[in-house]
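Report on the structure
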Amino acid sequence: TDGERQAQTDYENFVLSSNGLIKSLQEEIVQKTKASSAAKSDHALAGADHVSTVQELESLEQYKADLHAECDFLLKNFQIRQRARLEEIEAIQNAKGILSGAASD
């Protein structure tokens, strides 16, 4: 009958449109899965870069602290070293004077 033929035609059209929709949705799932995988990979790389950068910053902070301690040591002992050097120069000049006086005798 005409009603059954119309129902059969409607059903076939429904199946065709459903198959097209299912195919497009499956393709969309594949694309989103690829995008998700790429994003996870990028996230892992960014995490590794972050860890590396933090370690480098910590290393630089330790280097800065070591330099600061070294500079503090030099500044703290500068007067002592300067006085010792002046005394050494005076002693050398005195010895030079004594030797040059002894040589002229």
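Notes on the structure follow. (Residues numbered from 1 in each chain as written. Predicted model: local features only at pLDDT ≥ 70, side-chain atom pairs only at ≥ 80, totals over all residues. Heavy atoms only, no water.)

Description of the overall build of the chain
This is how it is decided: Secondary structure elements are defined from DSSP: runs of H or I of at least 4 residues count as helices, runs of E of at least 2 residues count as strands, and each element is numbered from the N terminus. Each radius of gyration is computed over the set of C-alpha atoms, and the globule rule expresses the reference value as 2.2 Å times the number of residues to the power 0.38. Type-normalised accessible area, obtained with a 1.4 Å probe on protein chains alone, sets the label of each residue: buried when under 20%, exposed when over 50%, and partly exposed for intermediate values. Surface accessibility follows the Shrake-Rupley procedure with a 1.4 Å probe radius. Residue values consider only the protein chains on display as shielding. His is not counted, nor are the chain ends, whereas Lys and Arg count as positive and Asp and Glu as negative. Charged side chains are reduced to one point each, which is NZ for Lys, CZ for Arg, CG for Asp and CD for Glu.
A tally of regular secondary structure across the chain gives one helix and zero strands. Against the globule reference of 13 Å for 105 residues, the chain gives a C-alpha radius of gyration of 44 Å, more extended than a compact globule. Overall, the C-alpha framework of the chain stretches about 150 × 25 × 10 Å when taken along its three principal axes. Burial analysis of the chain (105 residues in total) assigns 2% to the buried set. For the chain, the accessible area works out to roughly 9600 Å², and carbon and sulfur atoms hold 60% of it. Side-chain charges in the chain split into 11 positive and 18 negative, and the spacing between the mean points of these groups amounts to 5 Å.

Observations concerning the environment of Ile89
Relative to the helices and strands, Ile89 resides in helix α1 (residues 2-104). According to the relative accessible area criterion, Ile89 is partly exposed, its value standing at 41%. Considering only alpha carbons, one finds Ile89 and Asn77, twelve residues apart in sequence, at a separation of 18 Å.

Details of the pattern of salt bridges
Quick reminder of the rule: In what follows, salt bridge is the name for a side-chain nitrogen of Lys or Arg lying within 4 Å of a carboxyl oxygen of Asp or Glu.
Enumeration over the complete set of coordinates arrives at two salt bridges. For Arg5, the salt bridge goes to Asp2, with nearest N and O atoms at 3.7 Å. Residue Arg5 and its partner Asp2 are located together in helix α1, separated by three residues, close to a single helical turn. Here Arg5 and Asp2 have matching classes, each one exposed. Note that Glu28 and Lys32 form a salt bridge whose closest N and O atoms lie 3.1 Å from each other. Here Glu28 pairs with Lys32, and both are found in helix α1, just four residues apart, close to one helical turn. Taking the relative accessible area as the measure of exposure, Lys32 reaches 54% and is therefore exposed.

A few points about the environment of Asp10
Looking at the element boundaries, Asp10 is found in helix α1. Judged by relative accessible area, Asp10 falls into the partly exposed class, the value being 41%. Sequence separation between Asp10 and Ser52 is 42 residues; the distance between their C-alpha atoms is 62 Å.

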